[in-house]
Amino acid sequence: MRSARRGGGVWAVTVAAQYVDGRLRYFVVPVAAGASGDSFTVTGAPGVVAGLARAAAGGPSYRVSVPLDGGLSSAVEGFFRAYLTGAGQVERYLAPGVRLAPVSPAPYSAVTVREVWGAQEGAAAQKVPADGTTVGVRVRVEAQDDAGRWPLSYDLGLTARSHRWEITALQWGAVKGGGVR
């Protein structure tokens, strides 16, 4: 939900937890970043805090439905299967120079793309896009594990190269600015 730098590589990260009965609680968790910035450790017990005020929505507006039977949706589904289930190689779906390790250990046994929304008309629906064509999309996936099915949402940046779509940016939780490039 929010993070604040406390100094010395330590952050206070606020997370929300929704219980089965619908209650929503907020917790602040102390987190330390590793020296290289690619690892994090929870350094203490969470504390319950008051809920956060709603902020005005920012970033792109995703209003254009992207067909689930097209090349873009197919690339997105393949990427999330590799990224979240370990089925296949994540690198196959990434643009040159983009580095992103799959979630390990793989938390889900299956992933299905349920919706893909684009920020603009045209490019996302093209069967064979021109090289260099870029598009931003919001993806809603359903991931399955032993406990059930889980709705997840991501913002992705994609670029066309050699008649296929490749992932250029991943932002989890549909949060502006939190992605990997």
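Residues numbered from 1 in each chain as written. Predicted model: local features only at pLDDT ≥ 70, side-chain atom pairs only at ≥ 80, totals over all residues. Heavy atoms only, no water.

Caption draft 1: Spotlight on the packing of aromatic side chains. For the coordinates displayed, the defined rule picks out 3 aromatic pairs. Where F79 meets F80, the ring centres are 5.0 Å apart and the plane angle is 65 degrees; that geometry is what we call edge-to-face. With respect to class, F79 is no different from F80; both count as buried. Ring centres 4.7 Å apart and planes at 35 degrees place the aromatic pair F80 and Y154 in the tilted group. Of this pair, F80 sits in helix α1 (residues 71-85) while Y154 sits in strand β9 (residues 148-161), and the two are 74 residues apart along the sequence. Taking relative accessible area as the criterion, Y154 reaches 8% and is therefore assigned buried. Feature note: the residues F79, F80, Y83 and Y154 constitute an aromatic cluster, connected by ring pairs. (Phe/Tyr/Trp six-rings, centres within 6.5 Å; stacked < 30°, edge-to-face > 60°. Buried < 20%, exposed > 50% of the residue type's maximum accessible area, 1.4 Å probe, protein only. Helix = DSSP H or I, 4+ residues; strand = E, 2+ residues; numbered from the N terminus.)

Caption draft 2: Main features of α1. For α1, which comprises 15 residues, the first-to-last C-alpha distance of 21 Å matches the rise-based estimate of 21 Å (1.5 Å per residue) to within 8%. Across the 15 residues of α1, 12 count as buried, placing the element largely inside the fold. Where α1 terminates, the next one or two residues include G86, which has phi positive at roughly 80 degrees. (Expected span 1.5 Å × (residues − 1).)

Caption draft 3: Summary view of the nonpolar core. Membership of the largest hydrophobic core comes to 32 residues, with the highest contact counts inside it found for L72, F79, F80, V139, L156 and L158. Elements represented by at least two residues in this core include exactly α1, β7 (110-118), β8 (134-145), β9 and β10 (164-172). Per-element accounting of this core gives the leading share, 8 residues, to α1. When neighbours within four sequence positions are excluded, F79 is seen to be in contact with V90, Y93, L94, L100, L156, I167 and L170. (Core = buried A, V, L, I, M, F, W, Y, C linked by side-chain atoms within 4.5 Å. Contact = heavy atoms within 4.5 Å.)

Caption draft 4: Quick peek at the environment of R138. For R138, the position within the fold is in strand β8. The sequence separation of R138 and Y154 amounts to 16 residues, and the corresponding C-alpha distance is 5.7 Å. A distance of 2.7 Å separates the side chain of R138 from the side chain of D155, its partner in a polar contact. (Polar contact = N/O pair within 3.5 Å; in protein donor to acceptor, adjacent residues only side chain to side chain.)

Caption draft 5: Region of the structure containing the pairing of β7. Relative to β7, strand β6 (residues 64-65) is paired through 2 bridges, and the arrangement is antiparallel. Bridge pairing in β7 links V64 to G118. The pairing of β7 with β8 spans 8 bridges and is classified as antiparallel. Each bridged residue has a counterpart across the sheet, and for G118 the counterpart in β8 is V137. (Pairing = 2+ DSSP bridges.)

Everything listed here is a matter of geometry and, on its own, says nothing about what the molecule does.
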